[in-house]
Each structure stands twice: as C-alpha cells, then as structure tokens.
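Structural overview for review
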Amino acid sequence: LNTRYGTPSDVEFGPGNRLYLLDQNASDLKIFEPNGLLSKRITINASFRGLGVDGSGKAVIGIVRGTTFFIRVYNPNCSFTQGCIEREFGIPEEPLDLEITSNGDIYVLGNNNISIYNVSGKLKGMIKLQWPFRYFSFDIDEKNDKIYITSPKEFTGENSIITVYNLEGNLLFQNRGGDGDNF
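Procedures and definitions
Residues numbered from 1 in each chain as written. Predicted model: local features only at pLDDT ≥ 70, side-chain atom pairs only at ≥ 80, totals over all residues. Heavy atoms only, no water. Helix = DSSP H or I, 4+ residues; strand = E, 2+ residues; numbered from the N terminus. Buried < 20%, exposed > 50% of the residue type's maximum accessible area, 1.4 Å probe, protein only. Contact = heavy atoms within 4.5 Å. Areas by Shrake-Rupley, 256 points an atom, 1.4 Å probe, with all protein chains shown as cover. pLDDT = per-residue confidence, 0-100. Core = buried A, V, L, I, M, F, W, Y, C linked by side-chain atoms within 4.5 Å. Pairing = 2+ DSSP bridges. Axes fitted to C-alpha atoms, helices over the stretch in contact; angles between N-to-C directions. Polar contact = N/O pair within 3.5 Å; in protein donor to acceptor, adjacent residues only side chain to side chain. Phe/Tyr/Trp six-rings, centres within 6.5 Å; stacked < 30°, edge-to-face > 60°.

Looking only at helices and strands, one finds one helix and 16 strands in the chain. A buried classification covers 47% of the 183 residues belonging to the chain. Considering only contacts within the chain whose residues lie at least 6 apart along the sequence, 32% involve residues at least 24 apart. Total accessible area computed for the chain in this model is approximately 9,400 Å², and 48% of it derives from carbon and sulfur atoms.

See below:
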C-alpha cells in the first residue's frame, strides 16, 4: 500500500479482504483490493471520526458538523464517486470511533459512553464509561465478549490506559501503563 494517500485517520478490513481507509486530508474513503490497487474513492465532504465496515461492505462513518453529529452509511457499490448515502441518523455525542458487530450493530464511542445502535439507527443500549478520561479509540472482540478502550497519556494526564468491558457493559479491568505487560 502506497503511503502517498494524505493523512489516514482510520482503517478497517471488509469483505473480500478489501482495505477501507479514511483519508482526513483528502476528505475521502479509499477502498483497496487485496493486491493493493485502489478500486473506489468516495468523497465524504464532511469532517469525520470513526469507520466501520459491515458484512456486506457498506462503510459506516461518524460525521461531525460543528456541534451536530451523525452516523452515515455509504454503499460503495454505487457508481457515483460520492457513493450512495443509504442512511444517516443523528447522535447526541461526538463520535470518537465506531465499530460494527457481526450482527450489524453499530457501537459508537463518545466521551462518556458507548452507544449501541441497530442498522436503522435506533438506539439499542448504552454503556456508561466509568472513568473520567478522554477516550481515543476502541475495538470489539466478539469471540471473547470484550471491548478494549484506549486512553493515551495525552488524555489522561498520567500513564496511558486500556479499559476492558464485556459486551453487556460490565467493567472487567483496567491496565494503566506501567502496571505491567499483561491483561
């Protein structure tokens, strides 16, 4: 993969082992084939945070417009360079990152919680985060029923922190940088 593509801000793998890359500088989503060739470029025309790819290859992106926040679903199989926006729904908190589970649920990391939406945008649940840190990124391990959330040193004022919840929202443990190398 050639690194001449601006400022990558998020990356995910989709069906067919395609690489989906959000490019902050170019304000677009690039989709690469497994051999590294660019197969699709979709112009986003908005500030964005967080990328997820569902099982059908649709890109789900957190959109920020001033103090208004959205989740937008793009169908990359559309022939337009802007992609087909299949749906967009408002969310109450700035999206910092997002993930999609195998059943299509959209988990959105905000400053104080993780909101869980179904594919049509209906709020299904919320996980209240128990630590007063600014969160940066997260990932879901469905096989082991865990959500890993990172808080870099710049956001905590101390050591970097990884907090782990189960998918039901129960705090399992927290590892502060310097606590050792094990989870």
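With that out of the way, let us pick up the confidence of the model for the chain. In this model, the chain carries an average pLDDT of 85, and 84% of its residues clear a pLDDT of 70 or more. Of all the helices and strands in the chain, helix 1 (residues 153–156) carries the lowest mean pLDDT, 57, while strand 10 (residues 106–109) carries the highest, 94.

A few words on the nonpolar core. As a rule of thumb, soluble globular proteins bury nonpolar side chains together. Judged by nonpolar contacts, the single largest core of 15 residues is most densely connected at Y20, L29, I44, L51, I61 and I63. In this structure L29 touches Y20, L21, L22, K40, R41, I42, I44, L51, A59 and I61, once residues within four positions along its chain are discounted.

Right, let's talk about the sheet that holds strand 2 (residues 19–23) for a bit. Sheet strands line up and pair through hydrogen bonds in the backbone, either parallel or antiparallel. The four strands lie next to each other as 1-2-3-4, forming an open sheet whose pairing is antiparallel. Pairing within the sheet leaves two strands with one partner each, and these edge strands are strand 1 (8–13) and strand 4 (38–43). Taking each pair of neighbouring strands and ignoring which way they run, the sheet shows an average axis angle of 20°. The pairing of strand 3 (residues 28–32) with strand 4 spans five bridges and is classified as antiparallel. Across the sheet, the residue bridging to L29 is I42, located in strand 4.

Let us look at the pairing of strand 9 (residues 97–100). Along strand 9, one buried face is formed by D97 and E99 and the opposite face, lined by L98 and I100, is buried too. Where strand 9 meets strand 10, four bridges bridge the pair, whose relative direction is antiparallel. Each residue of the ladder has a partner; that of I100, found in strand 10, is I106. Between the end of strand 9 and the start of strand 10, which pair antiparallel, lie five residues, with G104 showing a positive phi angle near 90°.

As a further point, take unusual backbone geometry. Although it is not a glycine, N17 adopts a positive phi angle of roughly 60°. Relative to the assigned elements, N17 resides in the loop between strand 1 and strand 2. Even without being a glycine, S27 presents a positive backbone phi close to 55°. As for its placement among the helices and strands, S27 is situated in the loop between strand 2 and strand 3.

Moving on, we come to the side chain of N166. Looking at the secondary structure, you find N166 in the loop between strand 15 (161–165) and strand 16 (171–176). Under the relative-accessibility criterion, N166 is labelled buried at 10%. In terms of polar contacts, N166 uses its side chain to reach the backbone amide nitrogen of E168, at 3.0 Å. At 2.9 Å, the side chain of N166 forms a polar contact with the backbone nitrogen of N170. The residues contacting N166, other than those within four sequence positions of it, are I127, D145, K146, I147 and L172.

Here we come to the packing of aromatic side chains. Inspection of the entire model under this criterion finds one aromatic pair. Look at F89 and Y117: their rings are 5.3 Å apart centre to centre, the planes differ by 50°, and that puts the pair in the tilted class. Linking F89 in strand 8 (residues 84–91) with Y117 in strand 11 (residues 113–117), this pair joins segments that are 28 residues apart in sequence. The same class applies to F89 and to Y117, which are both buried.

Glancing now at the sheet that holds strand 16. Strand order in the open sheet formed by four strands is 13-14-15-16, with antiparallel pairing between adjacent strands. Looking at the sheet topology across the chains shown, the edges are occupied by strand 13 (137–141) and strand 16. Here the average twist between neighbouring strands, direction ignored, is 15°. As paired elements, strand 13 and strand 14 (residues 146–151) share five bridges and run antiparallel to each other.

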